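Coordinate analysis (summary)
So the chains spell out like this:
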Amino acid sequence: MKKTVTPGPIDTNWNAEDLYNKALLYVGQTEDLPSDKWQYALWMSLALEFLARAALSNINPALLAEAKTDQWSSLYHALGFTPKEQKYSPKSIAIADVFKRLNIILDDFTAEHENFGIVHTGKRNSELHSGDMAFEGVNASTWQPRFYAVCQVLLASMGKSLEDLFGKEEAQGALKMIAAAADEGAKAVHGDVAAHQKVWAAKSGAEQKSLSESAAVWATRQEGHRVECPACESQALVHGEPVGSAKQQFQDGEIIETREYLPTHFECIACGLKITGLSRLSVVKLGDRYKKTQRYDASELYVSEDDYEGYADDNNER
Amino acid sequence: MGISVKSNVDCDGCIFIEGYEPGRSSAEIAALFGKVLSVWDDEDPVQDLVPIDKNDAAPNTYSGIFGRDRFPFHTDLAHWRDPPRYLMLRCVKGYVDIPTLVIDGHDLVSAIGPDLLNRALVKPRRPRDGRFSMLTLREPEDDRPALIRWDEVYLKPASKLGELAMSRMKKEIASHRVIETTLAEPGDTMIIDNWRMLHARAPVPAGREDRLIERTYLGELN
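Quantities reported herein were computed from a predicted structural model and do not represent experimental measurements.

Broken down by element type, chain A carries 11 helices and 5 strands. Compactness check: chain A gives a C-alpha radius of gyration of 26 Å against a globular reference of 20 Å for 318 residues, more than 25% above the reference. Considered along the principal axes of its C-alpha atoms, chain A spans approximately 85 × 75 × 35 Å. By the burial criterion, 33% of the 318 residues in chain A qualify as buried. Counting only contacts in chain A whose residues sit at least 6 apart along the sequence, the fraction spanning at least 24 positions is 62%.

Structure (structure tokens):
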């Protein structure tokens, strides 16, 4: 362009650094509080909101702005411009939408992280907007490992670590909690698998064969990624959510589109085993990304109709 | 010139070049060394630094607070989100008994610990554009050197860790080894990494009111 419009600096409402510093401020409020106090959980839930908003703003501040067809001043503002609307007050998207967006955009921010974020900040809303004492009597061990795991992913997306936000000692403790929770999860999943194996082993050979055959037909017909059940070895399905963008390749007149998926849940209809969540799926080696490939005829997608088909190339010299 | 300004500043945090091209202007020399910044849109990028008596200066300036006494150690525009990376000081009229004092911020970080400084929240003492923006005393980044900001006048603690870190910084600065450089002759030039080094002006004795140092900010060095 001969003339480009240059936006100004990003306002503190939307600026990732300002939002991160607010998370830092709220974490600082917990310094002298025992982790089983409701005030501790409340400050941490506030810190989580600002950390999530900082991570989204770090991708692009405009992602935080509420944008409706006739109310786009906040979007305009988040892009670095000064809104001209009278009595303008910036409006950002709800925190649940922040977590949803992060799940779609950040490869490492899984549906489990999104769910935890929504539930934890939801509790915070109950604490602040209702008579309910949402954090009272809630044992820190029930939320801290997942809280830190979510923070770890959000911080990593901004090139930061748990240490940057929580300090060295707290970060060391957080890492141990994350590892211990993973161990606990692993034990629970192994327990589920063992229980289903036991029930499966008690069935007759004929019943096992019939169930396995039905499962094989089901797994072929249903949407999902086919895997072997860790309990009964029948064919089962893993479902997931897409990560990254689809990769397209042109081959033999066809567009081959490949997309990677991160498993979110598993189901075997032969023995009835169900596992939900990437961390639990990883324990039984069902957490690997899988690919889904679709083929299109290239002409369907890209070739425009030629109104002068059969004529020589356009040539304005003749 | 035979020396690499950038590699010297990268290594030591600052460089002093004696009597460098005294006949040329600060604007020319600064452009030779790097990318000149105009931090205030409507002002000349080269600013004159002259001693001013307390009563003659605006009360919110260092001269208005300290007059001709020693200025405290600081980094320039520490209360801004993005302080200028380098500053060039160039002597027009100098005196040997008014040295520029410098402390290496890396030493302070080593003494206090990056963990505390990275999490120490501070805020400008006055709102900027009607707002208070929180800042940290040290900003580590993946793709650039960590930024250290310090100004015990223009920055105020914004959290408990901010209070702790500011008091630790004051204590460290008070007992730290100071590097003295004298901009005495025309053309004497000093380039300082403003994200790393803290600097201060020595007191200005009576009769030295005509001291004139020109300051130019640089975004990067060649």
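Here the narrative resumes.
So, about the interface of chain A and chain B. Contact residues are listed per partner, giving 13 residues for chain A and 14 residues for chain B. Listed by contribution, the elements that provide at least two residues to the side of chain A that touches chain B are α1 (16-28) and α7 (162-166) of chain A. Per-element accounting of the side of chain A that touches chain B gives the leading share, 6 residues, to α1(A). Of the residues contributing to the side of chain A that touches chain B, the split by class is 2 nonpolar, 5 polar and 6 charged.

It is worth spelling out the confidence of the model for chain B at this point. All names here are of chain B. The share of residues in chain B with pLDDT of 70 or more is 99%, and the mean pLDDT across the chain is 92. Of all secondary-structure elements in chain B, the lowest mean pLDDT belongs to helix α3 (residues 62-66), at 90, while strand β12 (residues 189-193) reaches the highest, 97. The ipTM, which scores confidence in the relative placement of chains, is 0.75 for this predicted complex, and the corresponding pTM is 0.77.

In this structure, A:A23, A:A47, A:L51, A:A52, A:C151, B:Y86 and B:I191 are the most contacted members of the largest nonpolar core, which totals 91 residues. In terms of residue count, the dominant contributor to this core is helix α2 (residues 38-59) of chain A (13 residues). Non-local contacts of B:I191, meaning those with residues more than four positions away in its chain, are made with B:V5, B:V9, B:C14, B:I15, B:F33, B:Y86 and B:M88. With 23 residues, the next largest nonpolar core counts A:C229, A:C271, A:L278 and A:L281 among its residues.

Attention now goes to the domain arrangement of chain A. Residue and element names in this part refer to chain A. If you check the domain split of chain A, you get domain 1 (16-166) and domain 2 (202-301). Computed from C-alpha coordinates alone, the two centres of domain 1 and domain 2 are separated by 33 Å. Contacts between the two partners involve 4 residues from domain 1, matched on the other side by 8 residues from domain 2. Along the lines of polarity and charge, the residues of the side of domain 1 that touches domain 2 split into 1 nonpolar, 1 polar and 2 charged.

Bringing the sheet that holds strand β13 (residues 197-201) of chain B into the picture now. Residues and elements named next belong to chain B. Taken in spatial order, the 3 strands of this open sheet run β11-β5-β13, and their pairing is antiparallel. Because the sheet does not close on itself, it has two edges, and the strands there are β11 (179-181) and β13. Taking each pair of neighbouring strands and ignoring which way they run, the sheet shows an average axis angle of 25 degrees. Contacting β5 (100-104) and β13, helix α4 (residues 105-112) crosses the sheet at an angle of about 40 degrees to β5.

Right, let's talk about the packing of α2(A) against helix α4 (residues 95-105) of chain A for a bit. Residues and elements named next belong to chain A. Put simply, α2 and α4 touch, their axes get as near as 10 Å, and they point 50 degrees apart. With respect to α4, the element α2 is oriented oblique. Seen along the crossing, α2 lies across α4 with a hand that is left-handed. Residues E49, A52, R53, A55, L56 and I59 of α2 pack against I95, V98, F99, R101, L102 and I105 of α4.

Pairing within the open sheet is antiparallel, and its 3 strands lie in the order β7-β6-β10 (chain B). The sheet terminates laterally at β7 (135-136) and β10 (155-157) of chain B, the two strands that pair on one side only. With 3 bridges connecting them, strand β6 (residues 121-124) of chain B and β10(B) associate as antiparallel partners. Counted as the bridge partner of B:K123 is B:K156 from β10(B). Its contacts with the sheet put α1(A) on β6 and β7 of chain B, and the angle it makes with β6(B) is roughly 125 degrees. Relative to the sheet, helix α6 (residues 160-175) of chain B contacts β6 and β10 of chain B, its axis offset from that of β6(B) by approximately 85 degrees.

Residues and elements named next belong to chain A. Look at K87: it is not a glycine, yet its phi comes out positive at around 50 degrees. Within the secondary structure, K87 is located in the loop between α3 (73-78) and α4. For K87, a count of 4 C-beta atoms within 10 Å corresponds to the exposed category.

Looking now at the pairing of β12(B). All names here are of chain B. Of all 5 residues in β12, 5 are buried, a share of seventy percent or more. Side-chain alternation along β12 places T189, I191 and D193 on one buried face and M190 and I192 on a second face that is also buried. Two elements, strand β1 (residues 14-17) and β12, share 4 bridges in a ladder whose sense is antiparallel. Within β12, the position partnered with I15 by the bridge is I191.

Rules and cut-offs
- Residues numbered from 1 in each chain as written.
- Chains lettered and ligands numbered in written order.
- Predicted model: local features only at pLDDT ≥ 70, side-chain atom pairs only at ≥ 80, totals over all residues.
- Helix = DSSP H or I, 4+ residues; strand = E, 2+ residues; numbered from the N terminus.
- Rg over C-alpha atoms; globule rule 2.2 N^0.38 Å.
- Buried ≥ 20, exposed ≤ 12 C-beta atoms within 10 Å, placed from the backbone.
- Contact = placed C-beta atoms within 7 Å.
- Nonpolar A, V, L, I, M, F, W, Y, C, P; charged D, E, K, R; others polar.
- pLDDT = per-residue confidence, 0-100.
- Core = buried A, V, L, I, M, F, W, Y, C linked by C-beta atoms within 7 Å.
- Domains from an automatic or database assignment.
- Pairing = 2+ DSSP bridges.
- Axes fitted to C-alpha atoms, helices over the stretch in contact; angles between N-to-C directions.
- Parallel < 35°, antiparallel > 145°, perpendicular 65-115°, else oblique.
- Left-handed = near helix turned anticlockwise from the far one by under 90°.

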